[in-house]
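What follows is each chain in one-letter form.
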Amino acid sequence: MRHIPLLAAALAALTACAPAPNADVTKGRMLPATEAGILSAPAFVDPVAGLAPVASVRHSPADMTAAFLGLGFRLESGRELPYFSRFEGPVTVSLTGNVPATAGADLDRLLQRFRSEAGLNVRRVSASEPASVTIEFSTRRELGRAAPNAACFVVPNVSSLAEYQANRGTYRVDWTRVTERRTVGIFAPSDASPQEVRDCLHEELAQAMGP
């Protein structure tokens with residue numbers, strides 16, 4: 001049962017997906033259960049900050065299965081996903097851009113959860129190394145020019161904000177065309193509070209990793 005909290009978090013995060021022909025990004029917005037009609041997960045908290053832990057919630061296998069299938073094959077916009085997609089083999093993650101002071105430690109704790117709770121082969125690499133998932137930090141203004149109304153977002157087949165902007169509106173960055181995840185870019189604000197940065201890391205990396 002210890003895998004359920006991480007799975008529930010990943011499932012809830014997947015509800016934020018919203019690709020469309022002119023805005024093929026996965027936006028940083030979580031749907032409430034009443035809107036999505038499916039399971040939701042609590043906001044993420046920092047275990048080091050001394051905040052009260054979130055009470056665990058039990059769901060039946062049928063509920064978990066329905067949530068997994070519903071979130072895995074439907075985007076926030078209502079578009080259907082024809083495929084499940086995932087990384088094949090080990091996953092590497094790097095931080096680039098104007099990285100906030102707290103982001104490195106928060107990412108390391110999150111990756112440890114993926115390893116210990118889900119048994120995933122995922123590790124952090126330096127910014128100079130090629131990575132499966134590149135997390136680039138930019139100002140809110142820069143992010144707003146690329147994806148208005150998105151606090152943070154994740155895009156397939158790119159490793160930088162410039163690369164996304166060059167391919168925006170093309171099939172290359174359309175989640176409905178992805179059959180295997182090879183490279184994913186996460187774009188988060190460098191001028192946000194530590195809790196906002198933490199939330200973006202949890203939500204967007206869960207989305208980047210896939211079901």
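Each remark here, short or long, concerns the structure printed above.
Computed from a prediction, not measured in an experiment: that's the story for all the values here.

This brings us to the nonpolar core. Formed by 27 residues in total, the largest nonpolar core has its most connected members in Val93, Leu107, Val133, Ile135, Phe137 and Leu205. For this core, the element with the most residues is helix H7 (residues 194-209), which contributes six residues. If you look at the next biggest cluster of nonpolar residues, it comprises eleven residues, including Leu143, Ala147, Val158 and Val173.

Between its first and last C-alpha atoms H7 spans 22 Å; for 16 residues at 1.5 Å apiece the expected length is 22 Å, and the two agree. For H7, the set of buried residues is Val197, Arg198, Cys200, Leu201, His202, Glu203, Glu204, Leu205, Ala206, Gln207, Ala208 and Met209. Downstream of H7 by one or two residues, Gly210 has phi in the positive range, about 85 degrees.

This brings us to the side chain of Asn167. Residue placement: Asn167 occurs in helix H6 (residues 161-167). Overall, Asn167 belongs to the buried group, its relative accessible area being 16%. Not counting the four nearest positions on each side in its chain, Asn167 is found in contact with Arg172 and Val173.

In terms of residue burial, strand E6 (residues 184-189) counts as a mostly covered element, since six of its six residues are buried. The pairing of strand E4 (residues 133-138) with E6 spans six bridges and is parallel. Of the residues in E6, the one forming a bridge with Ile135 is Ile186. Looking at chain direction, strand E5 (residues 153-156) and E6 are connected through four bridges and run antiparallel. Bridging across to E6, Phe153 finds its partner in Phe187.

Moving on, we come to the state of the cysteines. Under the definition given, this model contains one disulfide. Each disulfide pairs two cysteine sulfurs, and for Cys152 the partner residue is Cys200, the sulfurs being separated by 2.2 Å. Between Cys152 and Cys200, the disulfide has an S-S torsion of -95 degrees and is therefore left-handed. Of this pair, Cys152 sits in the loop between helix H5 (140-146) and E5 while Cys200 sits in helix H7, and the two are 48 residues apart along the sequence. Take Cys152 and Cys200: they sit in the same class, and that class is buried.

Rules used in this analysis
Residues numbered from 1 in each chain as written. Predicted model: local features only at pLDDT ≥ 70, side-chain atom pairs only at ≥ 80, totals over all residues. Heavy atoms only, no water. Core = buried A, V, L, I, M, F, W, Y, C linked by side-chain atoms within 4.5 Å. Buried < 20%, exposed > 50% of the residue type's maximum accessible area, 1.4 Å probe, protein only. Helix = DSSP H or I, 4+ residues; strand = E, 2+ residues; numbered from the N terminus. Expected span 1.5 Å × (residues − 1). Contact = heavy atoms within 4.5 Å. Pairing = 2+ DSSP bridges. Disulfide = S-S within 2.5 Å.

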